[in-house]
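# Commentary on secondary and tertiary structure
Now for the letters of each chain:
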Amino acid sequence: MSESIRGRSWRRCAAPRAVRFAAMCAMSAAIRTAISAAALALAACSQPDETVFSGYAEAELVYVSAPVAGQLASLQVVRGARVAQGAPLFQLDPDLEALARAEADARAAQSAAQAANLRSGKRPVEIRVIEQQLAQAQVAEQASAAQLKRYENLAAEQFVSPDFLSNLRAQHAADVARVAELQGQVVVARTAGRPQEIAAAESAAAAARAAVAQARWRESQLRQAAPAAALVYDTLFRVGERVPANAPVIALLPDGAIKVRFFVPEPLLGRLVLGQTVAVSCDGCPAGLAARVEFISPQAEFTPPVIYSNESRAKLVFMVEARPLPDAAAALKPGQPVQVRLAAAR
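Our subject in this report is the structure included herewith. Bear in mind the structure is a predicted one, so any value in this text is a computation, not a measurement.

Reading guide: rules and limits
- Residues numbered from 1 in each chain as written.
- Predicted model: local features only at pLDDT ≥ 70, side-chain atom pairs only at ≥ 80, totals over all residues.
- Heavy atoms only, no water.
- Helix = DSSP H or I, 4+ residues; strand = E, 2+ residues; numbered from the N terminus.
- Buried < 20%, exposed > 50% of the residue type's maximum accessible area, 1.4 Å probe, protein only.
- Areas by Shrake-Rupley, 256 points an atom, 1.4 Å probe, with all protein chains shown as cover.
- Pairing = 2+ DSSP bridges.

### Focus: the overall build of the chain
If you tally the helices and strands in the chain, you get six helices and 14 strands. A burial count over the chain gives 29% of its 346 residues as buried. By element, 58% of the accessible surface of the chain is carried by carbon and sulfur atoms, the whole surface being about 21700 Å².

### A look at the sheet that holds strand S7 (residues 230-235)
Ordered in space as S2-S9-S7-S4, the four strands form an open sheet in which the pairing is antiparallel. Every interior strand has two partners, whereas the edge strands, strand S2 (62-65) and strand S4 (82-83), have only one. The pairing of S7 with strand S9 (residues 248-254) spans five bridges and is antiparallel. When the bridges of S9 are listed, Asp234 appears paired with Ala251.

### Re the pairing of strand S1 (residues 52-59)
Among the eight residues that make up S1, six are buried, leaving the element largely enclosed by the rest of the structure. Bridge count between S1 and strand S10 (residues 258-265): five bridges; the pairing is antiparallel. In the strand pairing of S10, Tyr56 is matched with Arg261.

See the structure below:
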């Protein structure tokens, strides 16, 4: 009897154990299923979105310089200020260029006077002097002609020797030659210089006028103004410093002169075309920013260090540049990291 009692007791104890074991197995299976689902979800989240590209905003700065060297006399703007088109930016010391312009003006006046002198001939006073000498020579020639005629009549009656008559004829010939000489001098005095001399003088005067124009242009380049409405991005010299020719003094960021540069892997390059609109996002920027693709590089390159990451360190990519739309251009800052997503073409 004692054995039958023990058997019934074992069966009563074994039944709950089986139930508990089955419940534990079911729970273990459920836990494994949940872990597998969580692992798949985590793997999906850890994979990067291939349609999202890393990039940054880049400014197209305008560097304002002067084509002449000089000391920086004044700086009319400060970094971070906004300027309108035509607003004065800076001025170099004008003293040296002002002196050069004055020298050019003087040389131009000298060349013009020399050309005018060659075109005008001698002064009226000098011409009148020659005319008076001509009048005297004509009177002397008339007197010698009358005297020669009288003595020729006397020589016919042999009252005058042949030698004396020869002397009178020589004197009359000299008087005639003197008249012709002075008549020629009057013509020369009233005539301008030789054509070649006049042409040379006029060329020298034209060169002097060109030098004046150049000196005035150089003087005007000492003052530089803003070529467009812009933000003063940086000032590169201080007042009093020596500025070399063509060295940038101020860097401007014109309105809208900012672009988004991002890098696309080769397998996805075919999804981009010029003129396509892409979505742009960045930290702290409003939603809905967009840009329009305007350049796709024809050459592949390794991912630049500026956007270096473990996922893209070994990828060959193509650089793409997009022009932000007006609202995006106002929100982006040069050098700001951005994310670019493909959007439908507009």
